[in-house]
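Summary of structural features
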Amino acid sequence: MLEEDGTENEALKDENQDVLTSDISHLNSQQDISVITDENGKVLLTRLEEKYLILPMTCEYKITSEYGKRTHPITGEEKLHAGIDLVGEHHTEILTIAEGTVTYAGEQNGYGNCIEIKHNVNGKTIYSFYAHLSKIEVRVGEKVEAGDIIGLEGGAKTDPNPGTSTGHHLHFEIRTASGSGHSIDPRKYIDF
Ligand SMILES: [Zn+2]
């Protein structure tokens, strides 16, 4: 569980549910690596905790749409909302959630300016996707670190390439493979 000051106090356990250490108070939202040590301080395991991937923006934000199936207000059609919508300050900086490599940076139908980044989390490949950006600050093939600024929030009518958007916000996805159609609930990886 996250405490009010942002530290994590849940004990780390191995696959047999044995507590390895509960001293992970050094973790914060900007630090997504946990280190497991033995009683002599020897490092046994360093791993990227799934839930410690950082938020894609640092300002206050409101979630206006969750991941999941929703009924279109006009067509009545049930459709998957493949990401989570965060409304932050207009043009706030968008940060990459973990280290990785940019696999897409450009305009896409409906999404406007968008970026896809490939990550390795605990040996698993996942992709993060950021849409409705007013500005893109990375290129395909570029290596990024967690927290790097990759673009600016957008999606307002006055923004370049807003895509299908009723107001400025970040549409954020986690994908198990590159491209649309592979989304999973971003809350599996990030505590919004
Ligand atoms: Zn969305």
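See above for the structure.
Residues numbered from 1 in each chain as written. Predicted model: local features only at pLDDT ≥ 70, side-chain atom pairs only at ≥ 80, totals over all residues.

1. Let's talk about the overall build of the protein chain
Going by this rule: Secondary structure follows DSSP: runs of H or I at least 4 residues long count as helices, runs of E at least 2 residues long count as strands, and numbering of each begins at the N terminus. Around each residue's C-beta, the other C-beta atoms within 10 Å are counted; 20 or more make the residue buried, 12 or fewer make it exposed, and counts in between make it partly exposed. All C-beta atoms are placed from the backbone. Here, residue contact means that the backbone-derived C-beta atoms of the two residues sit within 7 Å.
Of regular secondary structure, the protein chain possesses 0 helices and 17 strands. Split into buried and exposed, the 192 residues of the protein chain put 30% on the buried side. For the protein chain, the proportion of contacts with a sequence separation of at least 24, taken over those separated by at least 6, is 52%.

2. Overview of the nonpolar core
Heads up, the condition is: For this entry, the nonpolar core is defined as buried Ala, Val, Leu, Ile, Met, Phe, Trp, Tyr and Cys residues connected by C-beta atoms within 7 Å.
Among the nonpolar cores identified, the biggest contains 27 residues, and Cys 114, Ile 115, Tyr 130 and Leu 133 are the most heavily contacted of them. Listed by contribution, the elements that provide at least two residues to this core are β8 (84-87), β9 (93-95), β11 (112-121), β12 (124-131), β13 (133-136) and β16 (170-175). Tallying contributions element by element places β12 first for this core, with 5 residues. When near neighbours in sequence (up to four residues on either side) are disregarded, Cys 114 contacts Tyr 104, Gln 108, Phe 129, Tyr 130, Ala 131 and Leu 133.

3. Observations concerning unusual backbone geometry
Residues other than glycine seldom take positive phi values, yet His 91 does so here, at roughly 70 degrees. Tracing the backbone shows His 91 in the loop between β8 and β9. A count of 16 C-beta atoms within 10 Å places His 91 in the partly exposed class. Phi at His 132 is positive, roughly 65 degrees, even though this residue is not glycine. Inspection of the secondary structure puts His 132 in the loop between β12 and β13.

4. Brief notes about the environment of His 171
Tracing the chain through its elements places His 171 in strand β16. On a C-alpha basis, the gap between His 171 and Glu 153 in space is 9.4 Å, while along the polypeptide they are 18 residues apart. Setting aside its immediate chain neighbours within four residues, His 171 contacts Gly 83, Asp 85, Tyr 111, Ala 131 and His 132.

5. Describing the sheet that holds β13
Each strand in a sheet pairs with its neighbour through backbone hydrogen bonds, running either in the same direction (parallel) or in the opposite one (antiparallel). Note the following rule: Any two strands between which DSSP finds at least two bridges are classified as paired. To obtain each axis, a line is fitted to C-alpha atoms, and for helices this fit is confined to the stretch in contact; angles are then taken between N-to-C directions over 0 to 180 degrees.
Pairing is antiparallel across the open sheet formed by 3 strands, whose spatial order is β9-β15-β13. For this open sheet the edge positions go to β9 and β13, each flanked by a neighbour on one side alone. Strand-to-strand twist in this sheet, taken as the mean axis angle between neighbours without regard to direction, amounts to 35 degrees.

6. What about the environment of Cys 59?
Secondary-structure assignment places Cys 59 in the loop between β4 (43-48) and β5 (62-65). In this structure Cys 59 comes out as exposed when scored by C-beta crowding, with 11 C-beta atoms within 10 Å. Sequence-wise, Cys 59 and Val 87 are 28 residues apart; in three dimensions their C-alpha atoms are separated by 9.7 Å.

Purely geometric stuff here, so don't read any function into it on its own.
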